[in-house]
Amino acid sequence: MFHKLGLVPDWGGSFFLPRLVGTSRALELVWSARMVPAGEALALGLFDDVVPHADLSAVARSLAEQWAGQPPGAVRRAKEALYRSEASSLAAMLDLEIAHQNELFATPEARQRIAGALSAKRSH
């Protein structure tokens, strides 16, 4: 769409689009400036899911509640690691993961969640 206006992708589009669909497909999508149907966007990895319009609100709310229930410290560190991984080596990422795990293992929330998971496993 931006190309029709004489503009380039913004809001991170030039960063995220080639990472999601590959450079060749990203160029095609930008240069064609076409609207991508939902099914194609799903197949390209631009969407995680496509749901009927009538279900959209309930599905979005359920997903938001699920994500909001995750531990904020772990979410923050996972997001950092995943974004950093594009420009890092495996060794650097393994070091970062160890550092993050050591930080998180020491938090009361992680200890409580681990204890709960172990307790649930024992009761099954």
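That block above? That's the structure.
For the structure given in this document, a descriptive report is provided here. (Residues numbered from 1 in each chain as written. Predicted model: local features only at pLDDT ≥ 70, side-chain atom pairs only at ≥ 80, totals over all residues. Heavy atoms only, no water.)

1. Focus on the nonpolar core
Part 1: Formed by L17, V21, A26, L29 and L44, the largest nonpolar core amounts to 5 residues.
Part 2: Those elements that place two or more of their residues in this core are α1 (13-21) and α2 (23-32).
Part 3: Once residues within four sequence positions are removed from consideration, V21 is found in contact with A26, L29, L44 and L46. (Core = buried A, V, L, I, M, F, W, Y, C linked by side-chain atoms within 4.5 Å. Buried < 20%, exposed > 50% of the residue type's maximum accessible area, 1.4 Å probe, protein only. Helix = DSSP H or I, 4+ residues; strand = E, 2+ residues; numbered from the N terminus. Contact = heavy atoms within 4.5 Å.)

2. Thoughts on the packing of aromatic side chains
Part 1: Per the stated rule, a full pass over the model turns up 2 aromatic pairs.
Part 2: Ring pairs connect the aromatic residues F15, F16 and Y83, which therefore count as one cluster.
Part 3: Cation over ring: R19 sits above F15, and NZ or CZ is 3.5 Å from the ring centre. (Phe/Tyr/Trp six-rings, centres within 6.5 Å; stacked < 30°, edge-to-face > 60°. Lys NZ or Arg CZ within 6 Å of the ring centre and 35° of its normal.)

3. What about the pattern of salt bridges?
It is possible for side chains bearing opposite charge to pair when their charged atoms get close.
Part 1: In the structure shown here, the tally under the stated rule is 7 salt bridges.
Part 2: In this structure, E28 and R34 form a salt bridge, with 3.1 Å as the shortest nitrogen-oxygen distance.
Part 3: A salt bridge links R113 to E109; the shortest N-O distance between them is 3.4 Å. Here R113 pairs with E109, and both are found in helix α7 (residues 108-123), just 4 residues apart, close to one helical turn.
Part 4: R113 sits in the partly exposed class, given a relative accessible area of 41%.
Part 5: Several salt bridges converge on common partners, so that one network encompasses R25, E28, R34 and E40. (Salt bridge = Lys/Arg side-chain N within 4 Å of Asp/Glu carboxyl O.)

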